[in-house]
Amino acid sequence: MTTPQIILFVLLAALFGLLVWGRWRYDVVAFATLLAAVVTGLVPAGEAFTGFGHPATITVAAVLILSRALASSGATDLLAKLVMPATGHTQTHIGALMGVGGTLSSFMNNVGTLGLLMPVALQSARKAGRPAALILMPLSFGCILGGLVTLIGTPPNIIVANIRAEVAGEPFGMFSYSPVGLVCALAGIAFVALIGWRLVPLRAGQRDDGEDLFDIEDYVTEVRVPKSCKAWDKTLDELEEMTKDIEAQVVGLIRGRKRTSRPEGRERLQARDVLVIEAAPTEIDKFITALGLELVGRGNAVSSLTKNADAELLEAVIAQGSRLEGRSVESLRMPSRYGVNLIALSRQGKPHRGRLRKIKLRIGDVLLLHGDKEHLADAVASFGCLPLAERDLNFGRRHQAPWMIGIFALAIAAASLGLVTIPIALGLAVAVMVVANMIPVREIYDGVDWPVIVLLGALIPVGGALQSTGATEVIADGIVTITVGAPPVVVLVLLMVVTMTLSDILNNAATAVVMAPIGISLAERLGVAADPFLMAVAVGASCAFLTPIGHQNNALVMGPGGYRFSDYWRMGLPLEVIIVAVATPMILVVWPF
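Residues numbered from 1 in each chain as written. Predicted model: local features only at pLDDT ≥ 70, side-chain atom pairs only at ≥ 80, totals over all residues. Heavy atoms only, no water.

Let's shift gears to the pairing of strand 9 (residues 366-372). For a regular strand, the rule is simple: side chains alternate between the two faces of the sheet. Taken across its 7 residues, strand 9 has 6 buried, putting it largely inside the fold. Taken together, the 6 bridges between strand 7 (residues 340-347) and strand 9 define a ladder with antiparallel strand orientation. Paired with S346 across the strands is V366, a residue of strand 9. (Buried < 20%, exposed > 50% of the residue type's maximum accessible area, 1.4 Å probe, protein only. Helix = DSSP H or I, 4+ residues; strand = E, 2+ residues; numbered from the N terminus. Pairing = 2+ DSSP bridges.)

Moving on: the pattern of salt bridges. Working definition: two side chains of opposite charge can pair if their charged atoms are close together. Summed over the entire model, instances satisfying the criterion amount to 8 salt bridges. Ionic pairing is found between R224 and E294, a salt bridge with its closest N-O pair at 3.9 Å. Residue R224 is found in strand 1 (residues 220-224), and its partner E294 is found in strand 5 (residues 294-297); the two are separated by 70 residues along the sequence. With relative accessibility at 22%, the residue R224 sits in the partly exposed group. A salt bridge links R347 to D365, with the nearest nitrogen and oxygen atoms 2.6 Å apart. Pair noted here: R347 is in strand 7 and D365 is in the loop between strand 8 (350-351) and strand 9, with a separation of 18 residues, a long-range link. There is no split in this pair, since R347 and D365 are both buried. Sharing partners across several salt bridges, the network here consists of R255, E267 and D273. (Salt bridge = Lys/Arg side-chain N within 4 Å of Asp/Glu carboxyl O.)

What follows deals with the packing of aromatic side chains. The geometry of an aromatic ring pair is captured by the separation of the ring centres together with the interplanar angle, meaning the angle of the planes. Using the criterion set out here, one finds 9 aromatic pairs in the structure. On the numbers, 6.3 Å between centres and 20° between planes, the contact of F31 with F49 is stacked. Separated by 18 residues along the polypeptide, F31 in helix 2 (residues 26-39) and F49 in the loop between helix 2 and helix 3 (55-73) bring together distant segments of the chain. A relative accessible area of 30% means that F31 is categorised as partly exposed. Taking the centre distance of 6.3 Å and the plane angle of 45° together, the rings of F49 and F52 count as tilted. What links up through ring pairs into an aromatic cluster is the set F31, F49 and F52. (Phe/Tyr/Trp six-rings, centres within 6.5 Å; stacked < 30°, edge-to-face > 60°.)

We now examine a negative patch on the surface. Taken together, the side chains of D233, D237, E238 and E240 make up a negatively charged region of the molecular surface. Of note, D233 is situated in the loop between strand 1 and helix 10 (236-242). (Patch = residues over 30% accessible without salt bridge, like charges linked within 9 Å, V, L, I, M, F, W, Y side chains within 5 Å. Areas by Shrake-Rupley, 256 points an atom, 1.4 Å probe, with all protein chains shown as cover. Lys, Arg positive; Asp, Glu negative; His and termini not counted. Charge placed at Lys NZ, Arg CZ, Asp CG, Glu CD.)

Quick look at a nonpolar patch on the surface now. Together, V20, I505, I549 and F565 give the surface a local cluster of nonpolar side chains, amounting to about 330 Å² of exposed area. Exposure remark for V20: the relative accessible area of 42% places this residue in the partly exposed category.

This is how it looks when you write it as structure tokens:
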């Protein structure tokens, strides 16, 4: 190997290691890798940031904006509600959810589709009396499978199509993936709905039978302020200073018949006042003892929180890219900044019983928030979380939904007929919706998953270095040597399996950027067409079913479903085997060597 190849392989090994470790966000790691490639001369300085203007990057951003706009308009709401009549049996319930999720994610961002359907899934599971764990993992997998069907269904398809354009002069079209992707999606949905859901492990503590993730009475209680106690005639700010070493928070004040869900810090306590406090059971005793308060009883605390017509409790899950990720609860200062209280937190289906202030939040954590309805809505949107309850998705724009669907359909048709390229078509659709005020200017970029955009912009030049340094030839030679004498179909299957394995531990876009050039090089070595190998990479990069870290959808359902890291492979492994078994002959029929 040459020196540039050795340096590039070291950089890629460091990239993969850091992504698996997860200490830093993948966009930061990818950008650092790009800079290292520029410094070492693997990527020319003049080409360092060409990835940010690459058609694949622009297309992904446009798809994310349009997905957000369609969901906000209520255009997809009616389709989501079609699930309810199918909840009579587990198989039909799961099949309907996966079918709707797969259909929507064929044309929308699949993470956005999951966010849209998760509240519907939880409500339907509650009404049907089924454990949410049986529903959420299949829904996540269904949304992932739907992305296989079209060019814009998932970022790997867009990346592979543009890499093909650089080699063959023409990208894959809007529905080039459909023959293979649709059959794979249908086979996967059928397996999960009929058999796969039985492989999902159920255990004590998971959300089931319509019960909430939290036993709220274990966290919220009422205490009375006697005249002789240390808290009497003190302000709530002073009270907080007196109990700064105790993990307890005042979330309500009852004075006579008046109930306040968010009392002011300067409010001075009077005798017979009742404080509603949030604390773990061990901290409640410390709080009462330190201030000389009287325990009123735990049975009334929950009703005290909910009796105020302007206040409510809301569960929300931390999504990818949320501003809460990696931050401590204490640093967020939710009551003062956002007007809401964090009552409890659940991680992997288990309520957190320790100190909330110091805990650092992760993707998939479920938060139990309390506050005024208006403040809750603003806070959840600001946090970048997904509420786990059905909410109004229309925001006053339902009358615009038919127009938005029509504009989106015209863009798809124009790209499919070859009138304009897909980035231009989708860009025009975004522009028309903005000019027509269908997408408020302030919301244009709210739906963009910026870490994914940075990841693509950074890794596309690094992927180019794989080809310019001849590193893809080295990898291809190794695979051909391992499979010497075997027919091309064996190499194709091996490529798909390796791509699937990488996608289970890496971001699927990063996997596609690395593996697509290797697929082209393999085809050249074998003297066959490159298209079958590119299709194998597209399928493999999008099918991450073994772990919660391979795809954002899997991480999102981990908390609400109460799953453990090791739960995913139970259903995911046979599903990946089925996908390989179905995709291989379909690729050979539609895209022969």
